[in-house]
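# Architecture at a glance
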Amino acid sequence: MLIEKWKLAVIAVFSLLLVNVFFLGVKPGEFLLSHDELIAINYSDAVRGLYVRSSQDFNVDNTTILTVSIIDRLYYFLGFSLHVDLQTLEKVFYYIKLFISILVPYLGFRKFSQSINKEEKTVVSDYIVWLITLLYAFNTYTTIYWHGNAFQLSLLLCYSFAPLALYYFKVIISEPAPKLTLLLREALIFLAMSFGIYFFAVFLIVLATYYVSNLIINPKIIKSSVINIAKLVALCTPLYAIFLPMFLIIIFGGDTVNATGGETFSNLQGGLLYPLFLWFSWGIYTDWVPRNIFTFNTYYKSFIYILSPLAIYTTIFWGLRKKMSSRNIIHFLLIFLVALTLVKGSQPPFQEIYLSLIKHFPPFRVFRSPDNKFGFGIILALCFLLLYTSKNIRKGIFTGTMLFVVLTQAFLLFSGIAIRGQNTATSSDRIIYIPDDYKELAAYLDTTQTNTGYILPVPPANFGHFILSPT
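So, here's what we can say about the structure. Note on numbering: residues in each chain are counted from 1, in written sequence order. Residues qualify for local features only when their pLDDT is at least 70, as the model is predicted, and side-chain atom pairs are given and counted only at 80 or more; totals for whole chains, interfaces and linings, by contrast, use all residues. Excluding hydrogens and water, the side-chain values take into account all heavy atoms of the structure.

Here, a salt bridge means any Lys or Arg side-chain nitrogen found within 4 Å of an Asp or Glu carboxyl oxygen. The tally for this structure, following the rule as stated, stands at three salt bridges. What emerges from the salt-bridge pattern is a single network uniting Glu4, Lys7, Arg110 and Asp126.

Below, the structure written as structure tokens:
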């Protein structure tokens, strides 16, 4: 059995409870709309969202955004085709995403724990694996994405599959002749992850670092690993050919609406210190107004929060004191250092490398916000370091520390604040209600033969421009 039924039941109940927390205060007929969330509010909006040319951006190519959000768009298209109301669609979608974010990483971390038990003749209990999974699923980094764009499913899939994909990659490069079924399984996982292009690019860097580290420690695997990776690439190629045209614009820098974007990397501060605090967005340590995002940035500067990253590093260093020479620990320490270097973006001392890549290498544009991209690699590395060092720490101390860290870092998510937003002097919550007269006007515009109709809110509001058309 892939996973015991009682474990599935626990994940299901926990996800359901959390969804209900998210929607506290949301009345019938209302829905939630996050900062950068790409959501359809009716059937015609869902249909229009599937076109490569975006009517909302003067018919500019929408390939990059469409690629990343295609699963979400198809979900809403299917839901509205079945005449399901928006709030119900949102609740089910949140539930699906929460369920995946816990279950899938658990499967990956459990595979690694089993390999630890076999290779190092020790025992990493399933209980420890659950704690690591909770930290991986609920932390400062994931809170940023839940708060910023409702954690689009393509990004969440890439993030959630990373531990399992890394385990299969480990087997592929270490075994002389891995089974074809294993290679195919990895290829399919890569395909699912690749729609979240921003995260998948980071994961490829993680894989490259992990691979090079393995070659340095064990050069005997060079020949067999190259052959196995070639087989994996051969299996991936026909799968990727299905939607290769969607990536061509990203690679060659076409007229996509996200071709250059804002220079968010110039807003980063704090050098190495801020990412070590796990502040993976400049919105955490600056007042970002009037936009409704990170209105709770002061929480991340509180004493209780600062203790949580310090607790992670203390736990890892305490666990390393007994077995610093473990090759697996070396792999993830190296991944951590590489991600920590890249997450700083244009900050010294390696800013020229980053800026040159942004300017001259079009695919590197996906890292124009390096803090909330390469933070993925930092969290992944920290969770594996905790997994490998946990056996050297008393179970009670490790349990208490991990629970403290999870509750502290995900407090804003568990309380629903990060989902619903806040009403302050410079922001409002994300609970949206469309008045009946707007619905009537939308229905009228959807049935007319005009190319495009507009709704201008009176009185005017920030970002209050809505476009409605049949297709």
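Having seen it, we continue.
Moving on, we get to empty space enclosed by the protein. The method is simple in principle: a probe with the dimensions of a water molecule rolls over the atoms, and the space it marks as empty is what remains. Here a cavity denotes a set of grid points, spaced 1 Å apart and computed over the protein atoms alone, in which a 1.4 Å probe fits but from which it cannot get out, and a pocket denotes an open set meeting protein on both sides within 12 Å along at least five of seven lines; residues with an atom within 4 Å of a point are reported as lining. Grid points are joined across faces, edges and corners, and a volume is the space filled by probe spheres set on the points. This model, assessed by the stated rule, comprises five cavities of 30 Å³ or more. Of the pockets and cavities examined, the second largest cavity occupies roughly 70 Å³. When the residues that make up the lining of the second largest cavity are grouped by side-chain class, the tally is six nonpolar, three polar and two charged. Basically, the charged four are Asp, Glu, Lys and Arg, the nonpolar ten are Ala, Val, Leu, Ile, Met, Phe, Trp, Tyr, Cys and Pro, and anything else, Gly included, counts as polar.

What follows deals with the pairing of strand E4 (residues 421-424). Of the strand pairs in this sheet, E4 and strand E5 (residues 427-429) are connected by two bridges, and their pairing is antiparallel. Considered in E5, the bridge of threonine 424 is made with serine 427. In this description, strands pair whenever DSSP reports at least two bridges between them. Every helix listed is a DSSP run of H or I at least four residues long, and every strand listed is a run of E at least two residues long, numbered separately from the N terminus. A loop of two residues connects E4 with E5, the two strands running antiparallel in sequence.

Now for the side chain of histidine 331. Topologically, histidine 331 is positioned in helix H14 (residues 327-342). The term polar contact refers here to a pair of N or O atoms within 3.5 Å; inside protein, the definition further demands a hydrogen-donor-capable atom paired with an acceptor-capable atom, and it admits residues adjacent in sequence only when both atoms are side-chain atoms. One polar contact links histidine 331 to asparagine 214, side chain to side chain, over a distance of 3.3 Å. Contact definition: two residues touch when any of their heavy atoms are within 4.5 Å. Discounting residues that sit within four places of it in the chain, histidine 331 has contacts with Tyr210, Ser213, Asn214 and Ile217.

Here we come to helix H10 (residues 222-240). Between its terminal C-alpha atoms H10 stretches 26 Å, which fits the 27 Å expected from 19 residues at 1.5 Å a residue. What H10 keeps buried is the set Ser225, Asn228, Leu232, Cys236, Leu239 and Tyr240. For H10, the buried positions fall inside an angular range of 110° around the axis, keeping them on one side. Exposed side chains of H10 directed beyond 90 degrees from the buried face belong to Lys223 and Pro238. To estimate the expected span of a helix, subtract one from its residue number and multiply by 1.5 Å. Think of it in three bands: residues with accessible area under 20% of the maximum for their type are buried, residues over 50% are exposed, and the middle band is partly exposed, with areas taken using a 1.4 Å probe on protein chains only. Relevant arc is that of directions from the helix axis to the C-beta atoms, nothing else.

On to the environment of glycine 345, then. Structurally, glycine 345 is set in the loop between H14 and helix H15 (351-360). Judged by relative accessible area, glycine 345 falls into the buried class, the value being 6%. Filtering out sequence-adjacent residues up to four positions away, glycine 345 remains in contact with Leu268, Gln351, Tyr354 and Pro370.

This paragraph deals with the packing of helix H4 (residues 86-119) against helix H5 (residues 126-137). The axes are straight lines fitted to the C-alpha atoms, using for helices just the contacting stretch, and the angles between their N-to-C directions are given from 0 to 180°. Contact geometry for H4 and H5: axes closest at 9 Å, N-to-C directions at 135°. Put simply, H4 runs oblique to H5. Considering the relative orientation of H4 and H5, their crossing is right-handed. Between H4, through Ser101, Ile102, Pro105, Tyr106, Phe109, Arg110 and Ser113, and H5, the contact on the second element is made entirely by Asp126, Val129, Trp130, Ile132, Thr133, Tyr136 and Ala137. Along the lines of polarity and charge, the residues of the contact of H4 with H5 split into nine nonpolar, three polar and two charged. What sets the label is the angle itself: under 35 degrees gives roughly parallel, over 145 gives roughly antiparallel, 65 to 115 gives roughly perpendicular, and the rest give oblique. In this scheme the handedness of a crossing depends on how the near helix is turned from the far one: anticlockwise by less than a right angle means left-handed, clockwise means right-handed.

Let us now look at the nonpolar core. The set of buried Ala, Val, Leu, Ile, Met, Phe, Trp, Tyr and Cys residues whose side-chain atoms join them within 4.5 Å is what this entry labels a nonpolar core. Residues Phe138, Phe190, Met193, Phe199, Phe203 and Phe376 are the most contacted members of the largest nonpolar core, which totals 145 residues. Broken down by element, the residue count for this core peaks at 17 residues, all from helix H7 (residues 153-174).

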